[in-house]
Amino acid sequence: PAVLWDRVTLTCQGSGTAGATTWYKDGQCWGQQGRDNITVTESGTYTCDRPGSGLSPPVTVSNDQLVLQVPARALLEGDTVTLCCRG
């Protein structure tokens with residue numbers, strides 16, 4: 001997961017109209033309208049929408065003191081994985 005202490009910047013990309021982005025935080029329309037890039041200062045689940053592209057997949061940003069990181073891919077039983085604890 002993304003964490004606030006990494007200084008998270010989200011970018012909305014797609015085939016829709018650039019500069020006409022609508023941002024959502026926790027499912028509610030959020031105040032950063034029209035901008036394709038935002039710097040996140042609050043934990044939550046963020047999505048963006050552009051006319052012609054539709055709603056993006058969600059990105060969750062946490063504000064935890066410790067974060068368990070796993071590979072950013074689907075994991076199957078029997079896979080060897082490396083877990084990283086960051087703080």
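Let us look at the structure shown here. All of these numbers come straight from a predicted model, not from anything done at the bench.

## A closer look at the side chain of D36
Looking at where D36 falls in the secondary structure, it is placed in the loop between β4 (28–29) and β5 (37–39). Judged by its relative accessible area of 18%, D36 is buried. Of the polar contacts made by the side chain of D36, one reaches the side chain of T21; its length is 2.6 Å. Here the side chain of D36 touches R50 through a polar contact of 3.3 Å, side chain to side chain. If sequence neighbours within four positions are ignored, D36 has contacts with L10, T11, C12, A18, G19, A20, T21, W23 and R50.

## A word on the pairing of strand β6 (residues 44–50)
Across the seven residues that make up β6, a large majority, five, are buried. In this sheet, β6 lies alongside strand β3 (residues 22–25) in antiparallel orientation, the contact comprising four bridges. Residue pairing for β6: K25 is matched across the bridge by Y46. Judged from the three bridges that link them, β6 and strand β8 (residues 59–62) form a sheet pairing that is antiparallel.

## Things to note about the nonpolar core
In this structure, L4, V8, L10, C12, W23, W30, I38, V40, Y46, C48 and V61 together form the largest nonpolar core, which totals 11 residues. If we skip the residues at most four places from it in the chain, V40 touches L4, V8, L10, Y46 and V61.

## Some points on a nonpolar patch on the surface
Nonpolar side chains collect at one region of the surface, where L68, V70, L75, V81 and L83 lie side by side and expose about 420 Å² of accessible area between them. Along the polypeptide, V81 turns up in the loop between β9 (67–69) and β10 (84–86). Owing to a relative accessible area of 33%, V81 belongs among the partly exposed residues under this scheme.

## Describing the state of the cysteines
Covalent bonding between the sulfur atoms of two cysteines is what defines a disulfide. What the rule picks out here adds up to one disulfide. In this model, C12 is linked to C48 through a disulfide, with the two sulfur atoms separated by 2.0 Å. Between C12 and C48 the disulfide shows an S-S torsion of about 85°. By sign, it is right-handed. Of this pair, C12 sits in the loop between β2 (9–11) and β3 while C48 sits in strand β6; the two residues are 36 residues apart in sequence, bridging distant segments of the chain. Of the two residues examined, C12 and C48, each falls in the buried class.

Rules used in this analysis
- Residues numbered from 1 in each chain as written.
- Predicted model: local features only at pLDDT ≥ 70, side-chain atom pairs only at ≥ 80, totals over all residues.
- Heavy atoms only, no water.
- Helix = DSSP H or I, 4+ residues; strand = E, 2+ residues; numbered from the N terminus.
- Buried < 20%, exposed > 50% of the residue type's maximum accessible area, 1.4 Å probe, protein only.
- Polar contact = N/O pair within 3.5 Å; in protein donor to acceptor, adjacent residues only side chain to side chain.
- Contact = heavy atoms within 4.5 Å.
- Pairing = 2+ DSSP bridges.
- Core = buried A, V, L, I, M, F, W, Y, C linked by side-chain atoms within 4.5 Å.
- Patch = residues over 30% accessible without salt bridge, like charges linked within 9 Å, V, L, I, M, F, W, Y side chains within 5 Å.
- Areas by Shrake-Rupley, 256 points an atom, 1.4 Å probe, with all protein chains shown as cover.
- Salt bridge = Lys/Arg side-chain N within 4 Å of Asp/Glu carboxyl O.
- Disulfide = S-S within 2.5 Å.

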